[in-house]
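Architecture and fold: a report
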Amino acid sequence: PIFTDEAIYAYWAQVALHDPANRFISLEDGKQPLFVWLAAISQKFIADPLVASRLVSVFAGFGSLIGIYLLTKSVFNKRIAQIACALYVILPFTLLYDRMALFDSLLTTLGIWSVFFSLKLVKEVKLENSILAGVSIGLAMITKSSGNFFLYFLPLSLIFWEFKRQNKLTIVKWFGQAVVVFIITQIIYNSLRLSPLFYIIDRKNSEFIRTFGEVLANPLLLFSENAMTIIGWIITYNGLPLLMIFLITLSLGFSRRDKRIFYLLILIALPFFAESIFNKVLYPRFLLFYFPYVI
């Protein structure tokens with residue numbers, strides 16, 4: 001059955017499709033518009049607005065599957081990539097949200113590709129990689145505010161920098177390409193300023209997230225409650241065995257000083273702690289964009 005937010009987003013897509021003056025209708029509620037735009041395009045070809053909108057998430061899930069394969073193969077190997085893809089397909093958490101007309105599945109696939117191209121930029125410092133990384137991150141940022149995390153993740157990819165093979169001049173080039181990534185993301189994100197409703201994004205975020213001033217006054221006010229809620233959702237959706245395997249993997253990775261495990265842990269830990277400390281409101285789907293790195 002249709003979920004409340006799905007009804008809202010499918011309706012926004014209907015309005016955006018039939019009324020060009022309302023292409024930024026989602027900004028009225030402080031929501032970035034990329035998912036709504038794609039749902040509107042889908043509705044142009046499919047009569048049922050719910051099915052059309054959900055198909056955006058279905059195709060986003062397929063994009064996540066391909067991205068997980070390429071990312072895992074790049075970091076580990078083909079065998080582990082196949083296992084990761086199989087888990088992504090069958091785990092209830094990802095299976096559920098990749099069939100719902102919500103922003104989070106699209107955010108997740110763009111995030112995976114952002115990380116993939118960020119790592120590729122470290123291994124091959126080329127303009128095309130910085131453009132692809134910038135576009136992926138920029139599109140994530142106009143999907144949902146959580147997309148900003150993938151811009152913060154960009155410098156973390158330097159953990160894979162090969163100091164013996166790559167010289168000092170190359171790392172200077174990387175910083176130059178990182179600036180290109182930043183410029184592209186800002187151009188894409190600031191395109192939303194074409195709408196006079198752009199300011200509502202910050203106002204909407206303040207309903208869900210504490211300000212820095214509030215956090216500084218009492219940093220751990222919501223931490224314990226939020227952290228236990230997130231962990232509880234991970235167990236409820238996917239079972240305790242997955243969490244146990246995850247913890248065993250971490251312990252083995254740290255004992256072997258495996259930088260790949262350390263890197264993936266940072267991709268999980270930063271948003272986990274940010275949500276635990278800052279969020280006044282939490283929903284299980286808020287975890288989706290960093291759940292693939294658990295897999």
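Below is a summary of the structure that appears in this document.

Cut-offs applied
- Residues numbered from 1 in each chain as written.
- Predicted model: local features only at pLDDT ≥ 70, side-chain atom pairs only at ≥ 80, totals over all residues.
- Heavy atoms only, no water.
- Helix = DSSP H or I, 4+ residues; strand = E, 2+ residues; numbered from the N terminus.
- Rg over C-alpha atoms; globule rule 2.2 N^0.38 Å.
- Buried < 20%, exposed > 50% of the residue type's maximum accessible area, 1.4 Å probe, protein only.
- Contact = heavy atoms within 4.5 Å.
- Areas by Shrake-Rupley, 256 points an atom, 1.4 Å probe, with all protein chains shown as cover.
- Lys, Arg positive; Asp, Glu negative; His and termini not counted.
- Charge placed at Lys NZ, Arg CZ, Asp CG, Glu CD.
- Core = buried A, V, L, I, M, F, W, Y, C linked by side-chain atoms within 4.5 Å.
- Polar contact = N/O pair within 3.5 Å; in protein donor to acceptor, adjacent residues only side chain to side chain.
- Expected span 1.5 Å × (residues − 1).
- Phe/Tyr/Trp six-rings, centres within 6.5 Å; stacked < 30°, edge-to-face > 60°.
- Lys NZ or Arg CZ within 6 Å of the ring centre and 35° of its normal.
- Axes fitted to C-alpha atoms, helices over the stretch in contact; angles between N-to-C directions.
- Parallel < 35°, antiparallel > 145°, perpendicular 65-115°, else oblique.
- Left-handed = near helix turned anticlockwise from the far one by under 90°.
- Nonpolar A, V, L, I, M, F, W, Y, C, P; charged D, E, K, R; others polar.

For the rest of this paragraph, the subject is the overall build of the protein. A tally of helices and strands in the protein yields 14 helices and zero strands. Whereas a compact globule of 295 residues would reach a radius of gyration of roughly 19 Å, the protein reaches 19 Å, a difference of no more than 12%. Looking at the protein as a whole, 49% of its 295 residues qualify as buried. Sequence separation of 24 or more characterises 73% of the internal contacts of the protein that already satisfy a separation of 6 or more. Here the protein has roughly 14800 Å² of accessible surface; of this, 69% comes from carbon and sulfur atoms. The protein carries 26 positive and 17 negative side-chain charges, and their two centres are separated by 12 Å.

By the secondary structure assignment, Ser-195 is in the loop between α9 (168–190) and α10 (200–208). Not counting residues within four places of it along the chain, the set of residues in contact with Ser-195 comprises Phe-24 and Leu-27.

So, about the environment of Leu-70. Mapped onto the secondary structure, Leu-70 falls in helix α3 (residues 49–75). Residue classification places Leu-70 among the partly exposed positions, given a relative accessible area of 30%. Note: C-alpha distance between Leu-70 and Ile-41 (29 residues apart in sequence) is 28 Å.

What follows covers unusual backbone geometry. A negative phi angle characterises most non-glycine residues, just as the trans form characterises most peptide bonds. In this model, Arg-257 sits at a positive phi of 50°, which is unusual for a non-glycine residue. Of note, Arg-257 is situated in the loop between α13 (240–255) and α14 (259–278).

Before going further, it helps to spend a moment on the nonpolar core. Counting residues in each nonpolar core, the largest one holds 82 residues, and the members touching the most others are Phe-35, Leu-71, Val-115, Phe-150, Tyr-290 and Tyr-293. Per-element tally for this core: the top contributor is helix α6 (residues 103–123), with eleven residues. Setting aside residues no more than four positions away along its own chain, Val-115 makes contact with Leu-71, Phe-150, Tyr-263, Leu-267 and Tyr-293.

To continue, consider the side chain of Asp-104. By the element assignment, Asp-104 lies in helix α6. Taking the relative accessible area as the measure of exposure, Asp-104 reaches 3% and is therefore buried. Here the side chain of Asp-104 touches Lys-144 through a polar contact of 2.6 Å, side chain to side chain. Ignoring anything within four residues of it in the chain, the contact list for Asp-104 reads Lys-144, Arg-285, Phe-286 and Leu-288.

As a further point, take the environment of Ile-231. Relative to the helices and strands, Ile-231 is located in helix α12 (residues 223–238). The sequence separation of Ile-231 and Leu-243 amounts to twelve residues, and the corresponding C-alpha distance is 8.9 Å. Discounting residues that sit within four places of it in the chain, Ile-231 has contacts with Leu-243 and Phe-272.

Here helix α7 (residues 127–141) is 15 residues long and its end C-alpha atoms lie 21 Å apart, about the 21 Å a rise of 1.5 Å per residue gives. What α7 keeps buried is the set Asn-129, Ser-130, Ala-133, Gly-134, Ser-136, Ile-137, Gly-138, Ala-140 and Met-141. Check the buried side of α7 and you find it contacts α6, α8 (148–152) and α9.

Moving on, we get to the packing of aromatic side chains. Two numbers describe a pair of aromatic rings. These are the distance of the centres and the angle of the planes. Considering all chains together, one arrives at 26 aromatic pairs under this definition. Taking the centre distance of 5.7 Å and the plane angle of 85° together, the rings of Trp-113 and Phe-116 count as edge-to-face. Of this pair, Trp-113 and Phe-116 are both found in helix α6, three residues apart, which corresponds to roughly one turn of the helix. Residue Phe-116 is classed as buried on the basis of its relative accessible area of 12%. Measuring from ring centre to ring centre gives 6.2 Å for Phe-149 and Phe-153, while their planes differ by 35°; the resulting arrangement is tilted. Members of the aromatic cluster, joined through ring pairs, are Phe-149, Phe-150, Tyr-152, Phe-153, Phe-289 and Tyr-290. Just above the ring of Tyr-283 sits the side chain of Arg-285; from NZ or CZ to the centre is 5.0 Å.

All right, on to the environment of Gly-30 then. By the secondary structure assignment, Gly-30 is in the loop between α1 (4–18) and α2 (34–45). Remark: the alpha-carbon pair of Gly-30 and Lys-204, spanning 174 residues in sequence, is separated by 5.1 Å. Ignoring sequence-local partners within four residues, the contact set of Gly-30 consists of Ile-200, Ile-201 and Lys-204.

This part is about the packing of α1 against α2. Contact geometry of α1 with α2 gives a least axis separation of 8 Å together with a crossing angle of 70°. Between α1 and α2, the crossing angle belongs to the class labelled roughly perpendicular. Every pair of crossing elements has a handedness; the one defined by α1 and α2 is right-handed. Across from Tyr-9, Ala-10, Trp-12, Ala-13, Gln-14, Ala-16 and Leu-17 in α1, the residues of α2 making contact are Phe-35, Val-36, Ala-39, Ala-40, Gln-43 and Lys-44. Split into classes, the residues belonging to the contact of α1 with α2 amount to ten nonpolar, two polar and one charged.

Purely geometric numbers; function is a separate question.
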